Number of protein chains: 2
Amino acid sequence: MSDLYERHLPRLDAAWEACLLRHAHSPFPELPARYPGSEAAVARGREVFQARLGAPFQVDQPGTRDRVGEEISPYTQEPLGITYPRAELDKLFEAAERAVEGWRDAGWQARVGALMEGVERLYARVFEVVFAVMHTAGQSFNMAYAGSGVNALDRAIEALAHARHAMAQIPASARWERPFGRDTVRLEKSYRISPRGVAVCFACASFPTWNAWPSMMASLATGNAVIVKPHPAAVLPMALTVEVLREALAGAGFAPDLVTLAVDTQGEPIGKELVTHPRAAIVDFTGGAAFGGWVEKNAPPRPCFTETAGLNTVVLESCEDLDAVLRSLATTLCLFSAQMCTSPQNIYLPSGGVRVGPEGRLAGPEEVGERLASAIDALVSEPRRAGMIAAAIQSPRTLEMLRALEVEGAARGRVLRASRPYTHPEFPAARTATPLVLGVTTAERDMYGEERFGPVSFVVSAGDRGEALAHAARDVRERGGITAFLYSTDEAYISRAEDAYARAGAQLTINLTGPMPLNFAAAYSDYHVTGLNPAGNASLTDAAFVAGRFRITQSRRPVVEPRSTPQNR
Amino acid sequence: MSDLYERHLPRLDAAWEACLLRHAHSPFPELPARYPGSEAAVARGREVFQARLGAPFQVDQPGTRDRVGEEISPYTQEPLGITYPRAELDKLFEAAERAVEGWRDAGWQARVGALMEGVERLYARVFEVVFAVMHTAGQSFNMAYAGSGVNALDRAIEALAHARHAMAQIPASARWERPFGRDTVRLEKSYRISPRGVAVCFACASFPTWNAWPSMMASLATGNAVIVKPHPAAVLPMALTVEVLREALAGAGFAPDLVTLAVDTQGEPIGKELVTHPRAAIVDFTGGAAFGGWVEKNAPPRPCFTETAGLNTVVLESCEDLDAVLRSLATTLCLFSAQMCTSPQNIYLPSGGVRVGPEGRLAGPEEVGERLASAIDALVSEPRRAGMIAAAIQSPRTLEMLRALEVEGAARGRVLRASRPYTHPEFPAARTATPLVLGVTTAERDMYGEERFGPVSFVVSAGDRGEALAHAARDVRERGGITAFLYSTDEAYISRAEDAYARAGAQLTINLTGPMPLNFAAAYSDYHVTGLNPAGNASLTDAAFVAGRFRITQSRRPVVEPRSTPQNR
């Protein structure tokens, strides 16, 4: 057994126990202030980040043909000026295939041990990741630490725990003995975990590490190599990942080319070439629905694991404390300016109003919309708070979308809250936008019936409460949904909604208010994406996420009996 | 917990233990003579079979539009005269979807219990299956019992054991508790196993139950319904299966339309319509490579599990006892006239000869070919023995292929053994053919380099032993291979071959002689098909065979604390 595996075994065991019990678990402190030697670590992370600006990022990988880099910080709106090696893809695949041999033969314990060490090293350099994520995705410092740092590492460990469990089911050998006629046949059998080959992992622009890390770990643990294809707007977090994992693998005695970087530009994308490359054996994709759909269609027969887009819904039917509900909804609509795959977009209400409190006073759609807008105002009116919650806007195109939707919304419904930039206290040039909220009826479905990625939501007046639920579930089924949120004091209605969302395949959060962000997804406990609707075909993390990434080969031969004539020869 | 589940739990537990330890296991007697009340059971099976001839087979399923049936017994070469309901597919899918609801909600224990009961009922009627398989596929009585009866039931139980293990990992509920700032958030979470919907299961003509039963069990256990699409030449075994499982499901209180039959004819195939039906959620396919390739391309994004064709190879490098080797090879070439996906076809030898015995006497390709032909003669010259081993030829097209290959083989190489019919002792009209063996060099690869389904093999003289192995591994990699066989007394060479076949993805049997048929695949122990080469993408049975057939949905809500104010509301 490998030393690294033994060293990390307690952490793996605890992770697997959490996967089975689905309780809250993390080996990491959830707040940056609790990180060991926090201040110095943050300062070091910032220094390293700043030293990288305007300089070539070195990755000692084969096949570099030139250097490219077009990242722009959402906080400064200035280019980072970092360039990355652009590779000849054939060379990357060849190097990765060569690297697989020793990796495969080392056995899964050695692989999982080396990858747990990689996780440890990513954690040691997490503030480098934090600044990289801030200045590419636009996340706040705290979210970059919690969501893109430690929670993403938890997802990585979760994937390793699942991969270990799947592989540990396959014994290395077995003795098989059975009568055939009057004879007994005795065979010794040996079984090998055989990787598929070279995996390609696409990372998205707004939350690159959260999906990519577990995908990479799942592929690597099962013996494959991974070529990482970051979004051109958010290369640095993945380049760092590649750097750290290459070091960890080399440190454990493996070929670093097990993990390589394939960078492209918006103008010359390489995604299709990667997906259909004859040596590509597995595809993981997180990103937009359009290219995601193409991947799902063109990656097979390669196993492909996708998360594309979520049209997440809220049904607000009745509640005890409308202010508490609207505070929670407002928070989730502001959080990272709703640039999360779990952020809700469409808030359905009965057009007759939401029943509130023990007397069931009806709060009509206008009132709910106005009070939601006020709750958002309260969160974003103060720049320091806005900076912490709403952070920055990753893509300039999001601002264009907001402008266009505001005009369209005014014409077809009502602008409940206009989106305006706010001035970030630390980065006055930051690209920012407070949430746009539009009030509409279900007649405007062509406007709200697709994912509008960014800080926009629709308060949709939807007939009776049955229709509200039906519309919400239909959005999920037809357009894909990851999360869903329900507020109701009627247990029968709640039960119907649980059934409807289970069929549609969205994770439902019921009557949650208070300090937890509604759309928080807990590693080891919440299954992220069901695979039952167009929001993606894979789940973080279930058995299916790891099981297909390796295959089992075997050989068998007669047992040679000591001190007797060999049987069956 | 369901009564049926509890009743069958010991058998399930024993099966799962065997899956983990990969030892020899079966709850069933391997010989028909050991079946309880054997004689009466066989007589009853025969009677039921005979009573079905010339009559409509009743399946009380919806949407019947007319009746068809074109089976011809390979033993009598007479039509069976049985007609089956041909269904409107939309009606089958609708009924199946309705049936899924109660099945899904019953929970996995109830489902697995009902299916284990189905297995029990199939075993109780196994001799009906035996006669059905004999008179459609052409298997011998003994093989129909062992291979298509109890071993197929073992594969079914194996799939159920895997499905149970995968589903048992998902708790029904969990309590999750974590601090957020100064507060503690407590959530109760509930998890559901959500089926994908309606699976379509294609069964092949020569070995219908062996792949179809585990596929059906894997889909059903995980909450799906199954529409069974038999090969038009071998409907009866699957019609029987549908009948038995519908009864078992109804007996357990479930909708029988969870299992329905979709029959077609050679002239009007419905395969493509089934695979691409908007309600088809999973596809299992066993059958020819041409349509199998189409399925693999067109089934996605539906999960699809295939076994298509195997170009199985032998490398004969050196051995201690050439006669023992050739007896084993002859037996496997005769067994069910090599109409098994595990039958070898290409036998590679060094052109300089096979080293034999301690002195390493070289036996050249001509000598090996001639002695192999003699070993086959010894097996098929006596009609009773030929009947038991070679049985009948499923398809008349196989005879055409043999005739054409004999001519081509004579022109391009040497006919080491000609194929001739033999007279079956019990069924004088049986469609039979003894093995054709052709001697060629690697220059004739276009003749032997694809699967020739039926009793034909090629003794290929292949340069040195390194080239012999390289050619064999290339066949597997490029054309697909399930099994592979190696004879060598050189451990270094054996080790190279193990590596080569593990990479190519064929199961390797080394130096096996004696009473066990070389290509015997043991349930619970041998992984059948690796998914690493074109012979198929799925394995019987690994975690990946079951894990993707269901998804996990969840809901979560604040814990309501007794005797205190609700938290977080």
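Residues numbered from 1 in each chain as written. Chains lettered and ligands numbered in written order. Predicted model: local features only at pLDDT ≥ 70, side-chain atom pairs only at ≥ 80, totals over all residues. Heavy atoms only, no water.

Caption draft 1: Inspection of the overall build of chain A at higher detail. When helices and strands are counted, chain A shows 18 helices and 20 strands. For 569 residues, the compact-globule estimate of 2.2 N^0.38 gives 25 Å, and chain A sits close to it at 25 Å. Across its three principal directions, the C-alpha atoms of chain A cover 90 × 60 × 45 Å. For chain A, the computed accessible surface area is about 19,300 Å², with 51% contributed by carbon and sulfur atoms. Across chain A, the mean location of the 58 positive side-chain charges is 7 Å away from that of the 64 negative side-chain charges. (Helix = DSSP H or I, 4+ residues; strand = E, 2+ residues; numbered from the N terminus. Rg over C-alpha atoms; globule rule 2.2 N^0.38 Å. Areas by Shrake-Rupley, 256 points an atom, 1.4 Å probe, with all protein chains shown as cover. Lys, Arg positive; Asp, Glu negative; His and termini not counted. Charge placed at Lys NZ, Arg CZ, Asp CG, Glu CD.)

Caption draft 2: View of the pairing of strand E3 (residues 173–180) of chain A. All names here are of chain A. Every second residue of E3 is oriented toward a common face, the buried set being Ala174, Trp176, Arg178 and Phe180 and the non-buried set Ser173, Arg175, Glu177 and Pro179. Note: E3 against strand E4 (residues 183–195), eight bridges, orientation antiparallel. What sits directly across from arginine 178, in E4, is valine 185. (Buried < 20%, exposed > 50% of the residue type's maximum accessible area, 1.4 Å probe, protein only. Pairing = 2+ DSSP bridges.)

Caption draft 3: Representation of the packing of helix H7 (residues 208–221) of chain B against helix H8 (residues 236–251) of chain B. Residues and elements named next belong to chain B. Direction vectors running N to C along H7 and H8 enclose 30°, while the axes themselves pass 10 Å from each other. The orientation of H7 relative to H8 falls into the category roughly parallel. Relative to H8, H7 is oriented so that their crossing is right-handed. Seen from H7, the contacting residues are Pro208, Thr209, Ala212, Trp213, Met216 and Met217; seen from H8, they are Pro237, Met238, Thr241 and Leu245. Looking at side-chain class alone, the contact of H7 with H8 contains eight nonpolar, two polar and no charged residues. (Axes fitted to C-alpha atoms, helices over the stretch in contact; angles between N-to-C directions. Parallel < 35°, antiparallel > 145°, perpendicular 65-115°, else oblique. Left-handed = near helix turned anticlockwise from the far one by under 90°. Contact = heavy atoms within 4.5 Å. Nonpolar A, V, L, I, M, F, W, Y, C, P; charged D, E, K, R; others polar.)

Caption draft 4: Structural detail: the pattern of salt bridges. All names here are of chain A. In total, this model carries 86 salt bridges over all chains according to the counting rule given. Between aspartate 13 and arginine 164 there is a salt bridge; the shortest N-O distance is 2.8 Å. Here aspartate 13, found in helix H1 (residues 3–21), pairs with arginine 164, found in helix H6 (residues 141–168); they are 151 residues apart in sequence, far enough to count as distant. A relative accessible area of 38% places aspartate 13 in the partly exposed class. (Salt bridge = Lys/Arg side-chain N within 4 Å of Asp/Glu carboxyl O.)

Caption draft 5: Main features of the side chain of A:Glu128. Along the chain, A:Glu128 turns up in helix H5 (residues 126–137). Apart from the residues lying within four places of it in its own chain, the contact partners of A:Glu128 are A:Gly45, A:Val48, A:Arg52 and A:Leu240.

Caption draft 6: Spotlight on the interface of chain A and chain B. Contacts between chain A and chain B engage 78 residues on the former and 78 residues on the latter. Buried surface at the junction of chain A and chain B, summed over both partners, amounts to about 6,800 Å²; 52% is from carbon and sulfur atoms. Applying the counting criterion to the chain A and chain B interface returns 37 residue pairs in polar contact (both at pLDDT 80 or more). Class assignment for the residues of the side of chain A that touches chain B results in 35 nonpolar, 22 polar and 21 charged. Bridging between strand E19 (residues 507–510) of chain A and strand E20 (residues 550–558) of chain B involves two bridges; their strand directions are parallel. Among the inter-strand pairings, A:Leu508 is bridged to a residue of E20(B), identified as B:Ser555. (Buried area = accessible area lost by both parts, 1.4 Å probe. Polar contact = N/O pair within 3.5 Å; in protein donor to acceptor, adjacent residues only side chain to side chain.)

Caption draft 7: Highlighting the confidence of the model for chain A. Residue and element names in this part refer to chain A. Summary statistics for chain A give a mean pLDDT of 96 and a share of 98% for residues scoring 70 or more. Ignoring residues within four places in sequence, the model shows residues 564–569, a span with pLDDT below 50, making 19 contacts including any to other chains. Scoring the predicted complex yields pTM 0.97 and, for the interface, ipTM 0.96. (pLDDT = per-residue confidence, 0-100.)

Caption draft 8: Here's a closer look at the state of the cysteines. Taken as a whole and assessed by the stated rule, the structure comprises zero disulfides over all chains. In this structure A:Cys19 is a free cysteine whose sulfur lies 19 Å from that of A:Cys341, the closest cysteine sulfur available. Not engaged in a disulfide, the cysteine B:Cys341 finds its nearest cysteine sulfur in B:Cys204; these two sulfurs lie 7.5 Å apart. (Disulfide = S-S within 2.5 Å.)

Caption draft 9: Quick look at the relation of the copies chain A and chain B. Of the transformation placing chain A onto chain B, the axial shift is 0.0 Å and the rotation is 180°, giving an RMSD of 0.0 Å. Taken together, the rotation and translation describe the operation of a two-fold axis. A high fraction, 100%, of the interface residues of chain A reappear at the interface in chain B, so the copies pair face to face through one surface. (Least-squares fit on C-alpha atoms with pLDDT ≥ 70 in both.)

Caption draft 10: Structural detail: the sheet that holds strand E3 (residues 173–180) of chain B. In spatial order, the strands read E15(A)-E16(A)-E17(A)-E12(A)-E10(A)-E18(A)-E19(A)-E20(B)-E4(B)-E3(B); together these ten strands make up an open sheet with mixed pairing. The open sheet is flanked by strand E15 (414–417) of chain A together with E3 of chain B, the only strands paired with a single partner. Neighbour to neighbour, the strand axes of the sheet diverge by 25° on average, direction disregarded. Pairing analysis gives six bridges linking strand E16 (residues 436–441) of chain A to strand E17 (residues 456–461) of chain A, with the strands arranged parallel. By the bridge assignment, A:Leu438 is partnered in E17(A) with A:Phe458.

Caption draft 11: Up close: the sheet that holds strand E11 (residues 318–319) of chain A. All names here are of chain A. Taken in spatial order, the three strands of this open sheet run E11-E13-E14, and their pairing is mixed. Each having just a single partner strand, E11 and strand E14 (361–363) make up the two edges of the open sheet. As paired strands, strand E13 (residues 354–356) and E14 are joined by three bridges and run antiparallel to one another. Paired with arginine 355 across the strands is leucine 362, a residue of E14.

Caption draft 12: Seen up close, helix H14 (residues 396–412) of chain B. Residues and elements named next belong to chain B. Between its first and last C-alpha, H14 extends 25 Å over 17 residues, near the 24 Å set by a 1.5 Å rise per residue. By the burial criterion, the buried members of H14 are Thr398, Met401, Leu402, Leu405, Glu406 and Gly409. The buried residues of H14 all sit within an arc of 140° when viewed along its axis, so they share a single face. Along H14, the residues that are exposed and aim more than 90 degrees away from the buried face are Arg397, Arg403, Val407 and Ala411. For H14, the secondary structure elements touched by its buried residues are strand E15 (414–417), strand E16 (436–441), helix H15 (445–448) and strand E17 (456–461). Looking at where H14 begins, the residue whose side-chain oxygen comes 3.1 Å from the main-chain nitrogen of arginine 397 is serine 395. (Expected span 1.5 Å × (residues − 1). Arc of directions from axis to C-beta.)

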